[in-house]
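Listed below, chain by chain, are the residues.
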Amino acid sequence: MADDLFTPTISPAAYEARRPPWRPQSLIFPAVFGGPTAVTVLALVNGRRLGASRLAHLAVLGAGLAGLVARLTVTLAIYDDGAGRPGRLVGALAGGLVWLVAAATQKRLFRAYELRGGRPASLWLPGLGAVLLLGFTEAVLVSLVAAA
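Each value, and the rule that gives it
- Residues numbered from 1 in each chain as written.
- Predicted model: local features only at pLDDT ≥ 70, side-chain atom pairs only at ≥ 80, totals over all residues.
- Heavy atoms only, no water.
- Helix = DSSP H or I, 4+ residues; strand = E, 2+ residues; numbered from the N terminus.
- Buried < 20%, exposed > 50% of the residue type's maximum accessible area, 1.4 Å probe, protein only.
- Areas by Shrake-Rupley, 256 points an atom, 1.4 Å probe, with all protein chains shown as cover.
- Salt bridge = Lys/Arg side-chain N within 4 Å of Asp/Glu carboxyl O.
- Axes fitted to C-alpha atoms, helices over the stretch in contact; angles between N-to-C directions.
- Parallel < 35°, antiparallel > 145°, perpendicular 65-115°, else oblique.
- Contact = heavy atoms within 4.5 Å.
- Nonpolar A, V, L, I, M, F, W, Y, C, P; charged D, E, K, R; others polar.
- Core = buried A, V, L, I, M, F, W, Y, C linked by side-chain atoms within 4.5 Å.
- Patch = residues over 30% accessible without salt bridge, like charges linked within 9 Å, V, L, I, M, F, W, Y side chains within 5 Å.
- Phe/Tyr/Trp six-rings, centres within 6.5 Å; stacked < 30°, edge-to-face > 60°.
- Lys NZ or Arg CZ within 6 Å of the ring centre and 35° of its normal.

Chemist: What am I meant to see in the overall build of the protein here?
Modeler: On a plain count of helices and strands, the protein comes out with five helices and zero strands. Along the chain direction, N to C, the helices and strands of the protein fall in the order α-α-α-α-α. Split into buried and exposed, the 148 residues of the protein put 34% on the buried side. Here the protein has roughly 9,800 Å² of accessible surface; of this, 67% comes from carbon and sulfur atoms.

As C-alpha coordinates, then:
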(Lines give C-alpha, C1' and ligand atoms only; values in the text may rest on other atoms or scores of the structure.)
Protein backbone atom coordinates (compact mmCIF):
# COMPACT_ATOMS: atom_id res chain seq x y z
CA MET A 1 0.00 0.00 0.00
CA ALA A 2 1.45 3.39 -1.03
CA ASP A 3 1.73 6.05 1.62
CA ASP A 4 0.81 9.64 0.64
CA LEU A 5 2.88 11.12 3.45
CA PHE A 6 5.82 12.03 1.24
CA THR A 7 3.79 13.20 -1.77
CA PRO A 8 4.18 16.97 -2.35
CA THR A 9 0.94 18.88 -1.91
CA ILE A 10 2.05 22.21 -3.32
CA SER A 11 2.87 22.15 -6.99
CA PRO A 12 5.91 23.99 -8.37
CA ALA A 13 3.53 26.32 -10.22
CA ALA A 14 2.65 27.87 -6.84
CA TYR A 15 6.22 29.15 -6.65
CA GLU A 16 6.17 30.54 -10.15
CA ALA A 17 8.50 33.49 -10.49
CA ARG A 18 6.85 36.82 -11.17
CA ARG A 19 8.40 39.73 -12.92
CA PRO A 20 10.27 41.88 -10.43
CA PRO A 21 8.41 44.99 -9.26
CA TRP A 22 9.57 48.58 -9.44
CA ARG A 23 10.35 50.70 -6.40
CA PRO A 24 7.14 52.51 -5.42
CA GLN A 25 9.24 55.60 -4.66
CA SER A 26 10.45 55.66 -8.29
CA LEU A 27 6.91 56.08 -9.57
CA ILE A 28 7.10 59.77 -8.59
CA PHE A 29 8.95 60.59 -11.82
CA PRO A 30 6.27 59.30 -14.21
CA ALA A 31 3.70 60.87 -11.88
CA VAL A 32 5.18 64.34 -12.24
CA PHE A 33 6.07 64.16 -15.93
CA GLY A 34 3.20 61.99 -17.18
CA GLY A 35 0.32 62.95 -14.91
CA PRO A 36 -2.23 60.83 -13.08
CA THR A 37 -2.94 58.45 -15.96
CA ALA A 38 0.67 57.36 -16.38
CA VAL A 39 1.26 56.76 -12.68
CA THR A 40 -2.06 54.94 -12.29
CA VAL A 41 -1.24 52.42 -15.02
CA LEU A 42 2.29 51.86 -13.73
CA ALA A 43 1.08 51.54 -10.12
CA LEU A 44 -1.55 48.98 -11.12
CA VAL A 45 1.06 46.91 -12.96
CA ASN A 46 3.43 47.22 -10.00
CA GLY A 47 0.69 46.21 -7.58
CA ARG A 48 0.04 43.12 -9.67
CA ARG A 49 3.73 42.26 -9.58
CA LEU A 50 3.80 42.71 -5.80
CA GLY A 51 0.64 40.67 -5.26
CA ALA A 52 -1.31 43.56 -3.76
CA SER A 53 -4.85 43.04 -2.57
CA ARG A 54 -7.91 43.92 -4.58
CA LEU A 55 -8.63 46.77 -2.19
CA ALA A 56 -5.19 48.26 -2.88
CA HIS A 57 -5.81 48.05 -6.62
CA LEU A 58 -9.18 49.74 -6.22
CA ALA A 59 -7.63 52.50 -4.09
CA VAL A 60 -5.02 53.24 -6.76
CA LEU A 61 -7.61 53.11 -9.54
CA GLY A 62 -9.96 55.40 -7.62
CA ALA A 63 -7.19 57.87 -6.89
CA GLY A 64 -6.19 57.81 -10.56
CA LEU A 65 -9.71 58.52 -11.75
CA ALA A 66 -10.14 61.25 -9.13
CA GLY A 67 -6.81 62.77 -10.16
CA LEU A 68 -7.81 62.81 -13.82
CA VAL A 69 -11.20 64.36 -13.08
CA ALA A 70 -9.58 66.92 -10.77
CA ARG A 71 -7.04 67.79 -13.45
CA LEU A 72 -9.77 68.29 -16.04
CA THR A 73 -11.90 70.34 -13.66
CA VAL A 74 -9.13 72.63 -12.46
CA THR A 75 -7.73 73.05 -15.96
CA LEU A 76 -11.15 74.07 -17.23
CA ALA A 77 -11.55 76.51 -14.36
CA ILE A 78 -8.24 78.28 -15.01
CA TYR A 79 -7.97 77.70 -18.74
CA ASP A 80 -6.86 80.66 -20.80
CA ASP A 81 -5.90 80.50 -24.46
CA GLY A 82 -2.25 81.29 -23.76
CA ALA A 83 -1.88 79.68 -20.34
CA GLY A 84 -0.23 76.31 -20.86
CA ARG A 85 1.86 76.34 -17.70
CA PRO A 86 -0.95 76.08 -15.12
CA GLY A 87 -2.32 73.03 -16.94
CA ARG A 88 1.02 71.24 -16.73
CA LEU A 89 1.43 72.19 -13.08
CA VAL A 90 -2.03 70.86 -12.27
CA GLY A 91 -1.16 67.60 -14.08
CA ALA A 92 2.04 67.24 -12.06
CA LEU A 93 0.20 67.89 -8.78
CA ALA A 94 -2.58 65.44 -9.65
CA GLY A 95 0.00 62.80 -10.57
CA GLY A 96 1.83 63.43 -7.30
CA LEU A 97 -1.34 62.88 -5.30
CA VAL A 98 -2.00 59.59 -7.10
CA TRP A 99 1.60 58.60 -6.39
CA LEU A 100 1.00 59.15 -2.66
CA VAL A 101 -1.81 56.60 -2.70
CA ALA A 102 0.24 54.14 -4.76
CA ALA A 103 3.27 54.48 -2.47
CA ALA A 104 1.12 54.05 0.63
CA THR A 105 -0.45 50.84 -0.67
CA GLN A 106 2.74 49.29 -2.05
CA LYS A 107 5.53 50.35 0.28
CA ARG A 108 5.06 47.53 2.79
CA LEU A 109 4.76 44.87 0.09
CA PHE A 110 7.89 46.11 -1.65
CA ARG A 111 9.82 46.14 1.62
CA ALA A 112 8.85 42.51 2.23
CA TYR A 113 9.95 41.69 -1.31
CA GLU A 114 13.35 43.30 -0.68
CA LEU A 115 13.81 41.53 2.64
CA ARG A 116 13.35 38.19 0.87
CA GLY A 117 16.28 39.08 -1.37
CA GLY A 118 14.38 40.44 -4.34
CA ARG A 119 15.89 43.06 -6.61
CA PRO A 120 13.74 45.77 -8.18
CA ALA A 121 13.33 46.10 -11.92
CA SER A 122 14.38 49.17 -13.86
CA LEU A 123 11.63 51.72 -14.48
CA TRP A 124 13.47 53.63 -17.23
CA LEU A 125 11.82 52.20 -20.33
CA PRO A 126 8.33 51.56 -18.91
CA GLY A 127 8.35 54.96 -17.21
CA LEU A 128 9.47 56.76 -20.35
CA GLY A 129 6.90 54.87 -22.41
CA ALA A 130 4.12 55.74 -19.97
CA VAL A 131 5.13 59.40 -19.89
CA LEU A 132 5.27 59.66 -23.67
CA LEU A 133 2.21 57.58 -24.53
CA LEU A 134 -0.17 58.15 -21.63
CA GLY A 135 1.03 61.66 -20.80
CA PHE A 136 0.55 62.73 -24.41
CA THR A 137 -2.88 61.09 -24.56
CA GLU A 138 -3.88 62.85 -21.35
CA ALA A 139 -2.64 66.19 -22.70
CA VAL A 140 -4.69 65.71 -25.87
CA LEU A 141 -7.75 64.85 -23.77
CA VAL A 142 -7.29 67.97 -21.65
CA SER A 143 -6.88 70.09 -24.78
CA LEU A 144 -9.99 68.64 -26.38
CA VAL A 145 -12.07 69.17 -23.26
CA ALA A 146 -10.74 72.71 -22.80
CA ALA A 147 -11.43 73.60 -26.44
CA ALA A 148 -15.03 72.41 -26.25
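There's plenty left to go through after this.
Chemist: It is not clear to me how the environment of Val-98 should be interpreted in this structure. Could you clarify?
Modeler: Within the fold, Val-98 resides in helix H4 (residues 85–115). Considering only alpha carbons, one finds Val-98 and Leu-27, 71 residues apart in sequence, at a separation of 9.9 Å.

Chemist: What exactly am I supposed to notice about the pattern of salt bridges here?
Modeler: Think of it this way: side chains of opposite charge can pair up when their charged atoms draw near. Counted according to the given criterion, the structure contains two salt bridges. For Arg-71, the salt bridge identified is with Glu-138, shortest N-O distance 2.4 Å. Here the residue Arg-71 occupies a position in helix H3 (residues 54–78), and Glu-138 occupies one in helix H5 (residues 124–147), the gap between them amounting to 67 residues. Accessibility classification places Arg-71 together with Glu-138 in one group, the buried group.

Chemist: Can you help me understand the packing of helix H2 (residues 36–50) against H3 in this one?
Modeler: The axes of two packed helices give the description: the angle between them and the distance between them. One can describe the packing of H2 onto H3 by two numbers: an axis separation of 9 Å at closest approach and a directional angle of 175°. Taken together, the axes of H2 and H3 are roughly antiparallel relative to one another. Counting all contacts with H2, which are made through Pro-36, Thr-37, Thr-40, Ala-43, Leu-44, Gly-47 and Arg-48, the residues of H3 involved are His-57, Val-60, Leu-61, Gly-64, Gly-67 and Leu-68. Residues belonging to the contact of H2 with H3 are distributed by class as follows: six nonpolar, six polar and one charged.

Chemist: Before we go on, may I ask you to explain the nonpolar core in this structure?
Modeler: In terms of nonpolar packing, the biggest core is built from 15 residues, with Leu-27, Val-39, Leu-42, Ala-43, Trp-99, Leu-123 and Ala-130 touching the most fellow members. Sorting the residues of this core by element identifies H2, H4 and H5 as the ones contributing at least two each. Excluding its chain neighbours within four sequence positions, the residues that come into contact with Trp-99 are Pro-24, Gln-25, Leu-27, Ile-28, Ala-31 and Val-39.

Chemist: What exactly am I supposed to notice about a nonpolar patch on the surface here?
Modeler: Taken together, the side chains of Phe-29, Val-32 and Phe-33 make up a nonpolar region of the molecular surface, amounting to roughly 340 Å² of accessible area. Looking at Phe-33, the relative accessible area reads 61%, which means it is exposed.

Chemist: Please explain the side chain of Thr-75 as it appears in this structure.
Modeler: Looking at the element boundaries, Thr-75 is found in helix H3. Residue Thr-75 is classed as buried on the basis of its relative accessible area, which comes to 5%. Beyond its immediate chain neighbours, meaning those up to four positions away, Thr-75 contacts Gly-87, Val-90 and Val-142.

Chemist: In this structure, what is going on with the side chain of Arg-71? I would like to understand it.
Modeler: With relative accessibility at 9%, the residue Arg-71 sits in the buried group. Ignoring anything within four residues of it in the chain, the contact list for Arg-71 reads Gly-87, Arg-88, Val-90, Gly-91, Ala-94, Glu-138 and Val-142.

Chemist: Sorry if this is basic, but what is going on with the packing of aromatic side chains here?
Modeler: The relation between two aromatic rings is expressed through the spacing of the ring centres and the mutual angle of the planes. Under the definition given, this model contains one aromatic pair. Here the aromatic rings of Phe-110 and Tyr-113 are separated by 6.1 Å at their centres, their planes lie at 35°, and the arrangement is tilted. Pair noted here: Phe-110 and Tyr-113 are both in helix H4, with a separation of three residues, about one helical turn. Note on accessibility: Phe-110 and Tyr-113 belong to one class, buried. When the ring centre of Trp-22 is taken as origin, the NZ or CZ atom of Arg-49, which lies over that ring, is 4.3 Å away.

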